[in-house]
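Residues per chain, in single letters:
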Amino acid sequence: MHTTTRPTVLSPAPGPRSTRLRIALVAGEASGDLLGAGLIEALRQRCPDAEFAGIGGDRMRAAGLDTWHDAGELAVMGLSEVLRHLPRLLRLRRGLRRRLQQWKPDVFVGIDAPDFNLGVERWLKQRREHGRPRTVHYVSPSVWAWREKRAAKIGRSADCVLCLFPMEPPIYARHGVDARFVGHPLADEMPLEPDRAAARERLGLDPGRAVLAVLPGSRLGEIERLGRTFIEAATRIAAEIPGLQVVVPSANAACRAAIEPLLAASGAAATGPVDVHLIDGRARTAMIASDVVLLASGTATLEAMLAKRPMVVGYKVAPLTYRIVKGLGLLKVDSYSLPNVLADERVVPELMQDACTADGLAGAALAWFRDPAAVAALEPRFAAIHRQLRRDASAQAAAAIAGLLDAPGGTAPGELASG
């Protein structure tokens, strides 16, 4: 007999306040805001009367979050910028703690932003009453790449870690931490078969000519370290590929202002010897439209993989930082880019630190242009990983939170009902 299973219905823990379930969330940047919005929508399907409050952006507000602060207030990058904003961030954290104590949420979900959220999670966990609030950290720091022992420390803050990648929960299990693989929202969002012709049309590109997408990073520091090398590599590639169209997405106005002089110095322009299209945003469209992607290591490599495009990954960090990390043995992997990590083998070239040169990048990219068979073999590998990551991450995360609240120490027995 066929039976239909209804989602678990969430209920609040006992306590001297409203009986409506209260869920606090804190996201610190655009990617976290997107994750938070999807999670709120999935949780609301389980409990339409739930209340949501905390720190988020426009998407989380639209999903129903009562925003005590905007996510932009936490978007601070780099040591010098953090130090400059430290007094304000400490005041914000103190105010958030007071607000959470007064509001008494049933669960707190810290979305990424580990430097801020893990401390709040630990503080709440130490002051738990009547089994609440349960603490969840959504998006694991890269414990698979370096400083694995952080997993145990994260477990002292979070009752549960929601992981985007399948190789992460086994690491936490070694340290006795509850971690669940929920899938990646980008895999849910992006089609299994991207439409390259439509992407080229949207960008006004000639459909019959080769396309190279160049993404030296979405932060000014990355562009400072990689921009000139990437543009020089593009000019070398263009010299070998007649009619090559080079598309360079800029993440924002500041990034565009940093890229423009690099292009001018190289002689690359839409009317020059190298046909360059500097565009605002639309990085995903540029990747889908391309034959090959040259990009900085990071989440963009996952997006390029989901676009099923061959890529060359380059990256540099400050020389002193690199020497310290390598010297102390903090790095635990030989591959850094997500496609290689997820495939568990070197499927795309990575040129890191001293190897990240214009000649090296150009040579690796030209190898893709000249070997259609290698490109064809890569696409089904990427499609298989895409399907593995495509799990409806928001629904999986909501289910994990429901299970956490129904566990001993979460809500009172019987307060979560499954249909």
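Residues numbered from 1 in each chain as written. Predicted model: local features only at pLDDT ≥ 70, side-chain atom pairs only at ≥ 80, totals over all residues. Heavy atoms only, no water.

**What to know about the pattern of salt bridges**
Turning to step 1, where the next piece is worked out: Following the criterion strictly, the structure yields 17 salt bridges and no others.
Turning to step 2, where the next piece is worked out: When the shortest N-O distance is used, the salt bridge between Glu51 and Arg22 registers 3.3 Å. With Glu51 in strand β2 (residues 51–56) and Arg22 in strand β1 (residues 22–27), this residue pair connects regions lying 29 residues apart in the sequence.
Turning to step 3, where the next piece is worked out: Through salt bridges with shared partners, one network takes in Asp58, Arg61 and Asp70. (Salt bridge = Lys/Arg side-chain N within 4 Å of Asp/Glu carboxyl O. Helix = DSSP H or I, 4+ residues; strand = E, 2+ residues; numbered from the N terminus.)

**Side note on the sheet that holds strand β4 (residues 107–111)**
Turning to step 1, where the next piece is worked out: Spatial ordering of the open sheet is given by β3-β2-β1-β4-β5-β6-β7, a layout of seven strands whose pairing is parallel. Where the open sheet ends on each side, the last strands, each with one partner, are β3 (66–70) and β7 (179–181). Ignoring strand direction, the axes of neighbouring strands in this sheet form an average angle of 15 degrees.
Turning to step 2, where the next piece is worked out: By the bridge criterion, five bridges tie β4 to strand β5 (residues 134–138) in an arrangement that is parallel. If you follow Val107 over to β5, its bridge partner there is Arg134.
Turning to step 3, where the next piece is worked out: Sitting on the sheet, helix α4 (residues 114–126) is in contact with β1, β4 and β5, with an inclination near 165 degrees to β5. (Pairing = 2+ DSSP bridges. Axes fitted to C-alpha atoms, helices over the stretch in contact; angles between N-to-C directions. Contact = heavy atoms within 4.5 Å.)

**Comments concerning helix α12 (residues 299–306)**
Turning to step 1, where the next piece is worked out: Most of α12 is tucked away, with six of its eight residues classed as buried.
Turning to step 2, where the next piece is worked out: The set of residues buried in α12 consists of Thr301, Leu302, Glu303, Ala304, Met305 and Leu306.
Turning to step 3, where the next piece is worked out: Buried residues belonging to α12 abut α7 (185–189), α11 (283–289), β11 (292–296), β12 (311–315), α14 (338–343) and α16 (372–389). (Buried < 20%, exposed > 50% of the residue type's maximum accessible area, 1.4 Å probe, protein only.)

Function cannot be read off these values alone, since they describe shape.
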